[in-house]
Each structure stands twice: as structure tokens, then as C-alpha cells.
Amino acid sequence: MNKEITLQIGQVVKILRGRDADQYAVIVSIEDSKFVNIADGNKRKFDQAKKKNLVHLEPQPFISSEVVNSLQESGRVTNGKLRFAVSQFLSDKSNADQKGE
């Protein structure tokens, strides 16, 4: 039951538990082996990132290079880039669902 999940900064995750359940967000920092900070740029801003347990998140196979580059260069990311990363993931996901992948 103890499965190792490798998460990266800039990766999109689906929230499974809590008030924001069934929504998507981006990992903006990694606290330790159990917790990460997530933000979506809309309801949850970068400055008020939410600390979440990894058990309550479902990692998605999408990493936003814009978010990663911004965090590496300045240590911050704009809320617009976070919103763009989530919307880009959702549009890619809907296109894949339409194709039947």
C-alpha cells in the first residue's frame, strides 16, 4: 500500500479530497516526502498555496515547462501561468478523450 510517487514541480495533479476535490492544480513546491504545495492561479493563488498530503492527490502525466522555468529563474510564478497550465492540460485531456485514447 505504500507506493512511491515521484512528483515534480510544475506537474498537474487532480485533487481527490477536501474542499477542492475533483479540481486540478499545479505543484509549486515540495515540502517533504509526504506533502507538497499546490496552486491553481484562480481560487488558490501562488502566494496562498495549499499544503496537501500526497495521499489526497492523483498525479497527472503533464508537466508545465513554463511553470518550471519561471520557478527556476525567479523563484516565483504568476497566477496567469498557473491558470494557463491547468487550462492547457484540460484542453489536451479533452482532445485525447474525443480521439478515444
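Use the structure listed above.
(A) Spatial organisation of the pairing of strand β2 (residues 24-30). Counting buried positions along β2 yields 5 of 7 residues, so the element is predominantly enclosed. For strand β1 (residues 11-15) and β2, the ladder comprises 3 bridges, and the chain directions are antiparallel. Note that in β2 the partner of Val13 across the bridge is Ala25.

(B) Geometry of the nonpolar core. Judged by nonpolar contacts, the single largest core of 14 residues is most densely connected at Val12, Val26, Val28, Phe46, Val67, Val77 and Leu82. Of all the secondary-structure elements, those providing two or more residues to this core are β2, α1 (65-74) and α2 (79-99). Top contributing element to this core by residue count: α2, with 4 residues. Beyond its immediate chain neighbours, meaning those up to four positions away, Val67 contacts Gly10, Val26, Val77, Lys81, Leu82 and Ala85.

(C) Representation of the packing of aromatic side chains within the structure. Counted according to the given criterion, the structure contains 2 aromatic pairs. Ring-pair connections join several aromatic residues into one group, and the members of that group are Tyr24, Phe62 and Phe89. One cation-aromatic arrangement involves Lys51 over Phe35; the distance from NZ or CZ to the ring centre is 4.8 Å.

(D) Up close: the environment of Lys34. With respect to the element layout, Lys34 can be found in the loop between β2 and β3 (35-39). Here Lys34 falls in the partly exposed class, since its relative accessible area comes to 48%. The contacts of Lys34, once residues within four sequence positions are left out, are Lys52, Asn53 and Leu54.

(E) Spotlight on α2. Between its terminal C-alpha atoms α2 stretches 30 Å, which fits the 30 Å expected from 21 residues at 1.5 Å a residue. Three or more residues of α2 are buried, namely Leu82, Ala85, Val86 and Phe89. Seen end-on, α2 carries its buried residues on one side only, within an arc spanning 90°. Of the exposed residues in α2, those oriented more than 90 degrees away from the buried face are Gln98 and Lys99. Buried residues belonging to α2 abut β1, β2, β3, β5 (57-63) and α1.

(F) Representation of the pattern of salt bridges within the structure. With the rule as written, the count across this model stands at 2 salt bridges. Its salt-bridge partner being Asp20, residue Lys43 comes within 3.0 Å of it at the nearest N-O pair. Residue Lys43 is found in the loop between β3 and β4 (50-53), and its partner Asp20 is found in the loop between β1 and β2; the two are separated by 23 residues along the sequence. For Lys43, a relative accessible area of 52% puts it in the exposed group. Overall, the relative accessible area of 15% leaves Asp20 in the buried class. For Arg76, the salt bridge is made with Asp47, and the minimal N-O distance between the two is 2.9 Å. Here Arg76, found in the loop between α1 and α2, pairs with Asp47, found in the loop between β3 and β4; they are 29 residues apart in sequence, far enough to count as distant. On the basis of relative accessible area, Arg76 is assigned to the partly exposed category, the value being 44%. For Asp47, a relative accessible area of 54% translates into the label exposed.

Reading the values: the criteria
- Residues numbered from 1 in each chain as written.
- Predicted model: local features only at pLDDT ≥ 70, side-chain atom pairs only at ≥ 80, totals over all residues.
- Heavy atoms only, no water.
- Buried < 20%, exposed > 50% of the residue type's maximum accessible area, 1.4 Å probe, protein only.
- Helix = DSSP H or I, 4+ residues; strand = E, 2+ residues; numbered from the N terminus.
- Pairing = 2+ DSSP bridges.
- Core = buried A, V, L, I, M, F, W, Y, C linked by side-chain atoms within 4.5 Å.
- Contact = heavy atoms within 4.5 Å.
- Phe/Tyr/Trp six-rings, centres within 6.5 Å; stacked < 30°, edge-to-face > 60°.
- Lys NZ or Arg CZ within 6 Å of the ring centre and 35° of its normal.
- Expected span 1.5 Å × (residues − 1).
- Arc of directions from axis to C-beta.
- Salt bridge = Lys/Arg side-chain N within 4 Å of Asp/Glu carboxyl O.

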